[in-house]
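# Examination of the molecular architecture
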Amino acid sequence: RDQGGLGFALGTITDGNVEWSFEGVDGYPDSSGLDLGDRGTYGSLAVASDGIIWAAYHDKGAKNLRYAKRHPGLKAWRTGIADVGDGSSPEAGWFSSIAIAADGNPVIAHHDHGAGTLRVARWNGTGFAGGVFDRGEPYVADTGSDDADRDANVGQFVKLKVIGGVEYMAYYDETHGDLKFAVGNDIYTVDRKGDVGKWPDFDVRDGVVHIVYQDAGLQHLKYAVGTPDNWEISTIDESPYTGADTALYFESGTPRVVYFEG
């Protein structure tokens, strides 16, 4: 944060000990002392089967999505613009989440904060090509309601994973306060009770989807398990100010979740 740059750390494990080496990826001053800008927020990392390391992140100054690429054994990073968003005032790259697709190439999901959309950018061999995945729907208040109309705004807190060759995404629909989930090109609403869906993380085991996320309205931690058309939803933790920054993993087949309690 002090340097306005994206860093990379590589750990070598020897006899149970870890030795770390550090590399500056992007945003640090170059050899001439020129500051390359404030880059590196919403950083996400993926490693392809050929050993190439890919990173996706936000450029706060240029307001776009950037990528970085590192070949095995090399400390040099190749960087570039992955997506610029669209609309009159795009601000792409928020909540960037990168994964390796079934074809072995990286794919990045991210939120265009300016346009209020969820976008996906794919590597085509020479660069990334991006487009809108979900534009969301505006909220129109009922006649006589005290609520105000709201523009569509979807795709915040997006988490992208490729499991068994299938692309999955969990993300938040701010306009409607819903948790949404995508399987390939199909989009489903998992939970719409209250203001839910921030900070999701998920896994797919034997065709069953497990999602942990925050009920932002009640500040609770919730859990949805099932399939896109059939969800069982429960509250895991009702402590105050709970449920942000979820991380889901499995231990001996049992789901575990690490999360923030404020």
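None of these values were measured; they are calculated from a predicted model.

Here the focus is the side chain of Thr246. Position of Thr246 relative to the elements: it lies in strand S19 (residues 242-251). Look at Thr246 and you get buried, because its relative accessible area is 8%. In this structure the side chain of Thr246 is engaged in a polar contact, spanning 3.5 Å, whose partner is the backbone nitrogen of Asp201. Discounting residues that sit within four places of it in the chain, Thr246 has contacts with Trp199, Pro200, Asp201, Val212, Tyr213, Leu221, Val257, Val258 and Tyr259.

A cluster of nonpolar side chains, contributed by Ile13, Val18 and Trp20, occupies part of the molecular surface with about 380 Å² of accessible area. Within the secondary structure, Trp20 is located in strand S2 (residues 17-26). Assessed through its relative accessible area of 62%, Trp20 is described here as exposed.

Burial analysis of strand S7 (residues 94-100) places 6 of its 7 residues in the buried class, which makes it a mostly covered element. With 5 bridges connecting them, S7 and strand S8 (residues 106-112) associate as antiparallel partners. Looking at S8, one finds that Ser97 is bridged to Ala109. The antiparallel hairpin formed by S7 and S8 contains 5 residues in its connecting segment, where Gly104 sits at a positive phi of about 90°.

Turning to the environment of Thr117, a few remarks are in order. For Thr117, the location among the structural elements is in strand S9 (residues 117-123). On a C-alpha basis, the gap between Thr117 and Asp134 in space is 6.0 Å, while along the polypeptide they are 17 residues apart. If we ignore the near neighbours within four places in the chain, the residues touching Thr117 are His110, His111, Asp112, Val132, Asp134, Arg135 and Val154.

On inspection of all chains with the given rule, the structure shows 18 aromatic pairs. Here Trp54 and Tyr67 contribute two aromatic rings whose centre-to-centre distance is 6.3 Å and whose plane-to-plane angle is 35°, an arrangement assigned as tilted. Of the two residues, Trp54 is situated in strand S4 (residues 53-59) and Tyr67 in strand S5 (residues 64-70); the sequence distance between them amounts to 13 residues. Taking relative accessible area as the criterion, Tyr67 reaches 5% and is therefore assigned buried. Look at Trp54 and Phe128: their rings are 6.1 Å apart centre to centre, the planes differ by 90°, and that puts the pair in the edge-to-face class. Taken as a pair, Trp54 in strand S4 and Phe128 in strand S10 (residues 128-134) lie far apart in primary sequence, 74 residues in all. For Trp54, a relative accessible area of 3% translates into the label buried.

We now examine the pattern of salt bridges. Counted by the stated rule, this structure contains 14 salt bridges. Measuring nitrogen to oxygen at the nearest pair gives 2.8 Å for the salt bridge that ties Arg122 to Glu167. Separated by 45 residues along the polypeptide, Arg122 in strand S9 and Glu167 in strand S12 (residues 166-173) bring together distant segments of the chain. By relative accessible area, Arg122 is classed as partly exposed at 37%. Among the ionic pairs, Lys180 bridges to Asp134, the shortest N-O distance being 2.9 Å. Within this pair, whereas Lys180 is found in strand S13 (residues 178-183), its partner Asp134 is found in strand S10, the two being separated by 46 residues in sequence. Within the structure, one salt-bridge network assembled from shared partners comprises Asp26, Arg39, Asp59 and Arg66.

How each quantity is defined
Residues numbered from 1 in each chain as written. Predicted model: local features only at pLDDT ≥ 70, side-chain atom pairs only at ≥ 80, totals over all residues. Heavy atoms only, no water. Helix = DSSP H or I, 4+ residues; strand = E, 2+ residues; numbered from the N terminus. Buried < 20%, exposed > 50% of the residue type's maximum accessible area, 1.4 Å probe, protein only. Polar contact = N/O pair within 3.5 Å; in protein donor to acceptor, adjacent residues only side chain to side chain. Contact = heavy atoms within 4.5 Å. Patch = residues over 30% accessible without salt bridge, like charges linked within 9 Å, V, L, I, M, F, W, Y side chains within 5 Å. Areas by Shrake-Rupley, 256 points an atom, 1.4 Å probe, with all protein chains shown as cover. Salt bridge = Lys/Arg side-chain N within 4 Å of Asp/Glu carboxyl O. Pairing = 2+ DSSP bridges. Phe/Tyr/Trp six-rings, centres within 6.5 Å; stacked < 30°, edge-to-face > 60°.

Structural measurements only, silent on function.
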